[in-house]
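# Breakdown of the fold
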Amino acid sequence: MSGDLRSDLIAAAKHFYDRGWMVGTAGNLSARLADGSFWITASGRAKGQLTEADFIRMNSDGAIVEQPVPDSRPSAETSIHLAVYNCFPDAKACYHVHSIEANLVSRLTAGDAVPLPAIEMLKGLGVWEENPQVSIPLFTNYLEVPKIAKEICEFFAICAPSVPALLIRDHGITVWADSPAAAYNYVEIVEYIFRYTIAARQLNLDLRFGI
Ligand SMILES: CSC[C@@H](O)[C@@H](O)C(=O)COP(=O)(O)O
Ligand SMILES: [Zn+2]
């Protein structure tokens, strides 16, 4: 069972790596088991070439439960995965990638949210409204990762998300879902929306009114 989850993560990472979203060891993926523990990528691994030995299983307190390679360390961004799992009890997978588009989009606003264009793809993120006005929360990329995780916890404690995703400025997205398959789709959809946003900017389209 736990090995199955790692297979999902390995396949997803290979795909994201091939898309250019996990180059140079960037990004980290995790998936949660029924007992609340989760497999997460070990820190600094080449995400296009992961094997089952490149994961660490942690409990909900952030303690290591299973470590196939003794000197491996959990992802440097484990505190963000813990924050997501604590905020969203139904989340079973949490995926973080670094795309160029996400980094560019995060520079289009000085505010703390990125408005999303009202396009059909939002339905794939669970937004079923006529002309929806939704945004992705934007967090500061502190060097100290637990500080980012703390702000994420504080934000979602008072603000329910419109979509299952967040953006860290000059860094990348994190999505969560009730299964690894859904998290995979969410990454693809958010990245599609960001590519659209950048393309619309280049065409000088006003996204407030759609097209
Ligand atoms: C290319 S370095 C990127 C890292 O600093 C970090 O942001 C990242 O996403 C991967 O860290 P990792 O510790 O391998 O999970
Ligand atoms: Zn990262």
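Residues numbered from 1 in each chain as written. Chains lettered and ligands numbered in written order. Predicted model: local features only at pLDDT ≥ 70, side-chain atom pairs only at ≥ 80, totals over all residues. Heavy atoms only, no water.

### Structural notes on the site of ligand 1
Around ligand 1 sit 14 residues, and of these Ser43, Gly44, Ser75, Ala76 and Glu77 come closest. A distance of 3.3 Å separates an oxygen atom of ligand 1 from a polar side-chain atom of Lys47. Within the complex, the protein chains bury 72% of what would otherwise be the 430 Å² of accessible surface of ligand 1. In the shell around ligand 1, the residues fall into two nonpolar, 10 polar and two charged. (Near = heavy atom within 4 Å. Polar contact = N/O pair within 3.5 Å; in protein donor to acceptor, adjacent residues only side chain to side chain. Areas by Shrake-Rupley, 256 points an atom, 1.4 Å probe, with all protein chains shown as cover. Nonpolar A, V, L, I, M, F, W, Y, C, P; charged D, E, K, R; others polar.)

### Focus: the UniProt feature "binding site: Zn(2+)" (unreviewed entry) in the protein chain
Summarizing the sequence annotation, UniProt attributes the feature "binding site: Zn(2+)" (unreviewed entry) to His96 and His98 in the numbering used throughout. Tracing the sequence through the fold places His96 in strand β5 (residues 93–97). For His96, the side chain forms a polar contact with the side chain of Glu77, separated by 3.1 Å. Its location among the elements puts His98 in the loop between β5 and α3 (100–105). Contacts of His98, omitting those with residues within four sequence positions, involve Gly20, Trp21, Met22, Ala26, Gly27, His171 and Gly172. (UniProt positions renumbered as here; feature names shortened; annotations may be inferred. Helix = DSSP H or I, 4+ residues; strand = E, 2+ residues; numbered from the N terminus. Contact = heavy atoms within 4.5 Å.)

### With respect to the coordination of the zinc ion (ligand 2)
Working reference: metal with six octahedral donors, ideal angles 90 or 180 degrees; metal with four tetrahedral donors, ideal angle 109.5 degrees. Surrounding the zinc ion (ligand 2) are the protein donor atoms Glu77 (OE), His96 (NE2), His98 (NE2) and His171 (NE2), at 2.0 to 2.5 Å. In primary sequence terms, the donor set of the zinc ion (ligand 2) follows E-x18-H-x1-H-x72-H. With Glu77 in the loop between β4 (64–66) and α2 (78–87) and His96 in strand β5, the pair connects residues that are 19 residues apart, well separated along the chain. An identical accessibility class is assigned to Glu77 and His96; each is buried. (Donors = N, O, S within 2.8 Å, 3.2 Å for Na, K, Ca; no water. Buried < 20%, exposed > 50% of the residue type's maximum accessible area, 1.4 Å probe, protein only.)

### Structural notes on the nonpolar core
Grouped together as the largest cluster of nonpolar side chains are 44 residues, with contacts concentrated most on Phe16, Tyr95, Leu167, Ile173, Val175 and Phe194. Ranked by size, the runner-up nonpolar core spans 22 residues in total, among them Val145, Ile148, Ala149 and Leu166. (Core = buried A, V, L, I, M, F, W, Y, C linked by side-chain atoms within 4.5 Å.)

### Brief notes about the packing of aromatic side chains
Each pair of aromatic rings is reported with the distance of its centres and the angle of its planes. Applying the stated criterion to the full structure yields 10 aromatic pairs. Taking 5.9 Å as the distance between ring centres and 75° as the angle between the ring planes, the aromatic pair formed by Phe16 and Tyr95 counts as edge-to-face. Of the two residues, Phe16 sits in helix α1 (residues 2–18) while Tyr95 sits in strand β5, which places them 79 residues apart along the sequence. The pair formed by Phe16 and Tyr95 is uniform in burial state, with each residue classed as buried. Ring centres of Phe139 and Phe155 lie 5.6 Å apart, and the angle between their planes is 90°; on these two criteria the pair is classed as edge-to-face. Residue Phe139 is located in strand β7 (residues 135–139), and its partner Phe155 is located in helix α4 (residues 145–158); the two are separated by 16 residues in the primary sequence. Given a relative accessible area of 29%, Phe155 falls into the partly exposed group. Grouping aromatic residues by their ring pairs yields a cluster made of Phe88, Phe139, Phe155, Phe156 and Trp176. The aromatic ring of Trp39 is capped on one face by Arg6, whose charged end is 3.8 Å from the ring centroid. (Phe/Tyr/Trp six-rings, centres within 6.5 Å; stacked < 30°, edge-to-face > 60°. Lys NZ or Arg CZ within 6 Å of the ring centre and 35° of its normal.)

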